[in-house]
Amino acid sequence: MEKPKVLVTRRWPEAVETRMTDMFDVTFNETDQPLSPSDIGEAMAVFDAILPTVTDRLSKEVFDRPNIRTRILANYGVGFSHIDADAAKSHGIVVTNTPDVLSECTADLAMTLLLMTARRAGEGERELRASAWSGWRPTHMIGKKVSGATLGIVGFGRIGQAMAQRARFGFGMKILVQNIPPVPDDVLAAYDAEQVDTIDELLPRCDFVSLHCPGGSANRHLINSRRLNLMKPGGYLINTARGEVIDELALAQALSFGTIGGAGLDVFEHEPQIPDELLNADNLVMLPHLGSATRETREAMGFRVLENLLDFIEGREPRDRVN
Ligand code: 8YV
C-alpha cells in the first residue's frame, strides 16, 4: 500500500523525523523560513496530512479552494489559534494538538520569567556585561520577594495548574485563579487555590499575574490599559500563553509610567517582531518563545503528533482531536 503523503512545515527534532520518515512519505520544508499561507493552501491539494506549527497561518481563506486532499492538520504544539479549526472542520479536515507533554516545561519557563522579573535578573546581567557594576551596596537592584507573595493565574488548564504547583509548593505562594468555565472545588483544593469570577477581581489582589489562557480573537487584548491599571501598583505580569492576549503598546506604557513593576514575556503578538517600545523597557524580561524548548519536550511533542496521525490514518479517533 502507498504510504500517506505528509508535509512537515518546519524541521523537527531528528529522532522524530527519523521515526516519521519510516512511517510516511514525508516532505520537509527544508528552508529556515515558514511557508506562506498560499504555499500551504496549494500543498493541501497534494498531501494527505500537514503538520503545522505556530508559525503557520491557516485562516478561513486558506481552506477556500477546490480539490483539497488533506484530511488532517496534526499541529505541533498545544495552542492552535493559528488554525481556523472550525473552517477546517467545515471542509472535513480534522485538527489535533499536543497537550500534556509540554505543560511542565512551559510552567518552568513561566516560573523562570517570574523569578527573573521579580529579582531583576535581566537588568543585573546587563549591568555586568556592560562592566557597569560598581560593587555591592545595601540598596542596589532591590527586587520583590517571591516566596509567600500572591500569584494570580488566568486560565487554569494543564499549564496553569503546573504553574500553581510550582508556585504553591515550591515558593509558598498564595494562588488566586480565574478560568472559564469555573474550576471544580477538588481541583482548586489540590493547590489551596481561591477562585474569583472575573479577571477584574483577580488583578488588584495579586503581586504576580501569569497568563495561561488560549490566544485567538476571543482573548485578543484581554490585558489592555484598563486592566493594567487594575493591577497592584508594582505588580508583575507574566505571559507564556499567546502574544495577542496582551495589548503590547498599553503594556509598554504601563511599564514606562510605573503603573506596574515589571513584566516577563515569552510570546508576542506579531512574532518575531517586537515593538521598539518593549525593546526599550528596562523592567521587562523577554524570551524568544521558548516555553516548550527542551529536547525532551520537543521530542515528546513530535511523537504525540505521530500518535495522532497514526490513529487517524488507521481509522481510530485521534486522542487529541480539537474540532
Ligand atoms: C510550541 C507553544 O513551541 O505548544 C504551544 O502552543 O506555544 C509552543 O510551546 C509551538 O506552538 C510550536 O508550534
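Criteria and thresholds
- Residues numbered from 1 in each chain as written.
- Predicted model: local features only at pLDDT ≥ 70, side-chain atom pairs only at ≥ 80, totals over all residues.
- UniProt positions renumbered as here; feature names shortened; annotations may be inferred.
- Helix = DSSP H or I, 4+ residues; strand = E, 2+ residues; numbered from the N terminus.
- Rg over C-alpha atoms; globule rule 2.2 N^0.38 Å.
- Buried ≥ 20, exposed ≤ 12 C-beta atoms within 10 Å, placed from the backbone.
- Contact = placed C-beta atoms within 7 Å.
- Axes fitted to C-alpha atoms, helices over the stretch in contact; angles between N-to-C directions.
- Parallel < 35°, antiparallel > 145°, perpendicular 65-115°, else oblique.
- Left-handed = near helix turned anticlockwise from the far one by under 90°.
- Nonpolar A, V, L, I, M, F, W, Y, C, P; charged D, E, K, R; others polar.
- Domains from an automatic or database assignment.
- Pairing = 2+ DSSP bridges.
- Right-handed = clockwise from strand over helix to strand, strands pointing away.

The protein carries the name D-glycerate dehydrogenase in an unreviewed UniProt entry, which gives Paracoccus saliphilus as its organism. The UniProt entry for the protein carries the following comment under Sequence similarities (unreviewed entry): "Belongs to the D-isomer specific 2-hydroxyacid dehydrogenase family."

Draft legend 1. Spatial organisation of the overall build of the protein. When helices and strands are tallied, the protein shows 13 helices and 12 strands. Taking 20 Å as the expected radius of gyration for a compact globule of 323 residues, we find that the protein reaches 21 Å, a close match to that expectation. Each principal axis of the C-alpha distribution contributes one length, and for the protein these read about 70 × 50 × 35 Å. Sorting the 323 residues of the protein into buried and exposed places 40% on the buried side. Considering only residue pairs separated by 6 or more positions, the protein has 65% of its internal contacts joining residues 24 or more positions apart.

Draft legend 2. Up close: the packing of helix α5 (residues 103-118) against helix α7 (residues 158-171). Remark: α5 packs on α7, axes separated minimally by 8 Å, with the N-to-C direction vectors making an angle of 55°. Considering the angle they form, α5 stands oblique to α7. Once α5 is placed against α7, the crossing between them reads as right-handed. Facing S103, E104, T106, A107, A110 and M111 of α5, the residues of α7 in contact are R158, I159, A162, M163 and R166. Counted by class, the contact of α5 with α7 contains 6 nonpolar, 2 polar and 3 charged residues.

Draft legend 3. Examining the domain arrangement of the protein more closely. Taken as a whole, the protein is organised into domain 1 (5-101 + 295-313) and domain 2 (103-286). Computed from C-alpha coordinates alone, the two centres of domain 1 and domain 2 are separated by 31 Å. Each partner contributes to the interface: domain 1 provides 5 residues, whereas domain 2 provides 7 residues.

Draft legend 4. Spatial organisation of unusual backbone geometry. Of the consecutive residues I180 and P181, the connecting peptide bond is found in the cis state with omega at -5°. For P181, the location among the structural elements is in the loop between β7 (174-178) and α8 (185-190). At the junction of E271 and P272, the peptide bond is cis and its omega measures out at 5° in the coordinates. Even without being a glycine, N67 presents a positive backbone phi close to 55°. On the secondary structure map, N67 appears in the loop between α3 (60-63) and β4 (72-74).

Draft legend 5. Examining the pairing of strand β10 (residues 236-239) more closely. Along β10, one buried face is formed by Y236 and I238 and the opposite face, lined by L237 and N239, is buried too. Where strand β9 (residues 208-211) lies against β10, 4 bridges are found, and the strand directions are parallel. Residue pairing for β10: F208 is matched across the bridge by Y236. Note on the crossover from β9 through helix α10 (residues 225-230) to β10: the handedness is right-handed.

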